[in-house]
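# Per-entry structural report
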Amino acid sequence: MIKTCIFPAAGYGTRFLPATKTLPKEMLPILDKPLIHYAMEEAIEAGLTNIGIITGRTKRALEDYFDISYEIEDAIKGSEKEKLLSDVRRQMEVCNFTFTRQRKMNGLGDAINHARYMVNNEAFGVILADDLCVNDECGVMSQMVKAYEKYRCSVVALMEVPNKDTKKYGIIEGVKLEKNIYKITDMVEKPDPKDAKTNLAIIGRYILTPDIFDILDNTPAGKGGEIQITDALNTQAKEGRCIGLVFSGLRFDCGSVEGFFEATKYFYERDFK
Ligand code: G1P
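Residues numbered from 1 in each chain as written. Predicted model: local features only at pLDDT ≥ 70, side-chain atom pairs only at ≥ 80, totals over all residues. Heavy atoms only, no water.

## Focus on a nonpolar patch on the surface
Let me state the cut-off plainly: Patch membership needs two things, relative accessible area over 30% and no salt bridge, and members are linked within 9 Å if like-charged or within 5 Å if nonpolar (Val, Leu, Ile, Met, Phe, Trp, Tyr). To be clear on the numbers: accessible area is Shrake-Rupley with a 1.4 Å probe, and residue cover counts the displayed protein chains and nothing else. Definition used for salt bridges: Asp or Glu carboxyl oxygen within 4 Å of a side-chain nitrogen of Lys or Arg. Only runs of H or I of at least four residues qualify as helices and only runs of E of at least two qualify as strands under DSSP, and these elements are numbered from the N terminus. Remark: exposure states derive from per-residue accessible area (1.4 Å probe, protein chains only) relative to the maximum for the residue type, with buried under 20%, exposed over 50%, and partly exposed in between.
Taken together, Leu31, Tyr268 and Phe272 make up a surface patch of nonpolar side chains, about 270 Å² in accessible area. On the secondary structure map, Leu31 appears in the loop between β2 (29–30) and β3 (33–34). With relative accessibility at 31%, the residue Leu31 sits in the partly exposed group.

The structure is reproduced here in structure tokens:
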């Protein structure tokens, strides 16, 4: 059973400056809830309640979000407003949180490598909160857990993207095992459209087997001079130990203004009308 979910949250979020000058991008709200809240819901739905968050400087608001705010709680006690906190209170109750800091930006692979001591030598989930995914029947992490239980190897979430966008994503090549599952044979971080072999892109959901940490230790800097999880996963893929799941549901790229706007419209229609 997978119990742990890691949330890399150390990135600067430069695409959202100036908002992210002082506010962690994971705390940007889609209406009344920050991105990390939606991501946490997805992890909990999948049964992942041992939570590890990789933060960095200027990210303290993330720790405070999952802590008691005595002053506010006292001020609204007994009023109608109390129910506005019930969802996050529930998250705080069912989860166990550990935080650690990535001191120097050195890529997603390096951020994930900081989770070694949060993970009990077991497979674990990873969620990038700015990829906001929705499926009201079965969340994307739940879909991935099912795939893991069947294949017992690392799993990445996949979606088709327009060819011009391959340079924004890890891109895979693979062999179809089932309607929505590929055995991955190769993966490349952010190839130019002219070099991309497919348009199957990795989105920010992973299940990783714990040998990934030793692989990461030996993975040289890749794209952008940083340690890339895509390169480490490629080592597993070459040994036939990584699959891709074309998930069902919606995904909003909340690291971009357009995706953020679309998510806001979607959740307004869903939750406020
Ligand atoms: C990261 C990964 C990339 C993946 C993407 C999904 O890139 O490195 O392989 O496709 O997340 O959102 P980032 O968006 O952090 O640059």
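Here the narrative resumes.
## Some words on the site of the ligand
The test is simple: Here, proximity means that at least one heavy atom of the residue falls within 4 Å of the molecule or strand. Side-chain atoms alone can form a polar contact between residues adjacent in sequence; in general such a contact is a pair of N or O atoms within 3.5 Å, and within protein one must be able to donate a hydrogen while the other accepts it.
Taken together, 13 residues sit near the ligand, with Asp131, Gly170, Glu189, Lys190 and Ile202 positioned nearest. Separating an oxygen atom of the ligand from a side-chain N or O atom of Glu189 is a distance of 2.6 Å. Protein contact buries 77% of the 380 Å² of open area that the ligand shows by itself.

## Overview of unusual backbone geometry
Of note, the amide linkage connecting Leu17 to Pro18 takes the cis form, showing an omega dihedral of 5°. Positioned with a positive phi, Leu31 is a non-glycine residue whose angle comes to about 60°. At Asn121, a residue that is not glycine, the phi angle is positive and equals roughly 55°. Mapped onto the secondary structure, Asn121 falls in the loop between α5 (108–113) and β6 (124–127).

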